[in-house]
Amino acid sequence: MHKLRIPKRPTSHTARRRGATIVESAIVLPVLLLILFAMLDLGVASVRYNALAEVSRRVARETILHGSLAPQAVGTWGPEAFEGTAGDDSDLVAAAAIATATMDDEKVNIRISWPDGDNSPRDRVRVEVDYRHQSLVPGLLPWGSFDLNSATTMHIVN
């Protein structure tokens, strides 16, 4: 004789276990997503900081070649201080354009100064770059937006 199998009804233990899984997921999933977004946001901030450091180095390298003894064809820069953005139409910041891919050029501030007061060989040139990093998901992360800064000082070559 063949027995007819009747499916079992879920026991109270199974129903409780399913409820515990839902509660655990409701607690763990938001924490996991917060950690994931925090890592992503700090990763983007790190890439932007490295880009700012590259911008300050590139602009400083370009500037040290335009000292008081630079050939007429190249032109001389300084010793008047410069303040502008990476989006400016200036020869002084042209070297910055390639390194600011992850940022709005108009929000990348660049300051060039000659601390020794002159643009003669062996005098110094200082390039400071800053950018305000906005969080990818505003209001989600505790730190919000913060400033990224980089500075490079080099000696003028010619």
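Above: the structure in question.
Residues numbered from 1 in each chain as written. Predicted model: local features only at pLDDT ≥ 70, side-chain atom pairs only at ≥ 80, totals over all residues. Heavy atoms only, no water.

Some remarks on the overall build of the protein chain
Reasoning step 1: Assigned secondary structure in the protein chain consists of 1 helix and 4 strands.
Reasoning step 2: Counting helices and strands in the order they occur from the N terminus, the protein chain gives α-β-β-β-β.
Reasoning step 3: For the protein chain, the C-alpha radius of gyration of 29 Å lies well beyond 15 Å, the compact-globule estimate for 158 residues.
Reasoning step 4: Along the three orthogonal principal directions, the C-alpha set of the protein chain runs to about 110 × 35 × 25 Å.
Reasoning step 5: Looking at the protein chain as a whole, 31% of its 158 residues qualify as buried.
Reasoning step 6: Partitioning the contacts of the protein chain with sequence separation of at least 6, the portion at a separation of at least 24 is 64%.
Reasoning step 7: For the protein chain, the exposed surface amounts to about 10400 Å²; the carbon and sulfur share of it is 59%.
Reasoning step 8: Distance between charge centroids for the protein chain: 29 Å, based on 17 positive and 18 negative side chains. (Helix = DSSP H or I, 4+ residues; strand = E, 2+ residues; numbered from the N terminus. Rg over C-alpha atoms; globule rule 2.2 N^0.38 Å. Buried < 20%, exposed > 50% of the residue type's maximum accessible area, 1.4 Å probe, protein only. Contact = heavy atoms within 4.5 Å. Areas by Shrake-Rupley, 256 points an atom, 1.4 Å probe, with all protein chains shown as cover. Lys, Arg positive; Asp, Glu negative; His and termini not counted. Charge placed at Lys NZ, Arg CZ, Asp CG, Glu CD.)

Some words on the environment of Val44
Reasoning step 1: Among the secondary structure elements, Val44 is positioned in helix α1 (residues 12-64).
Reasoning step 2: For Val44, a relative accessible area of 23% gives the class partly exposed.

Digging into the pattern of salt bridges
Reasoning step 1: Scanning the model with the defined rule gives 7 salt bridges in all.
Reasoning step 2: A salt bridge links Arg111 to Glu128, with the nearest nitrogen and oxygen atoms 3.6 Å apart. One end of the pair, Arg111, is in strand β2 (residues 109-113); the other, Glu128, is in strand β3 (residues 124-133), and 17 residues separate them in sequence.
Reasoning step 3: The class for Arg111 is partly exposed, based on a relative accessible area of 25%. (Salt bridge = Lys/Arg side-chain N within 4 Å of Asp/Glu carboxyl O.)

What about the environment of Ala73?
Reasoning step 1: Note on placement: Ala73 falls in the loop between α1 and β1 (82-85).
Reasoning step 2: In this structure Ala73 comes out as exposed when scored by relative accessible area, which is 82%.
Reasoning step 3: Along the sequence, Ala73 and Thr85 sit 12 residues apart, while their C-alpha atoms lie 25 Å from each other.

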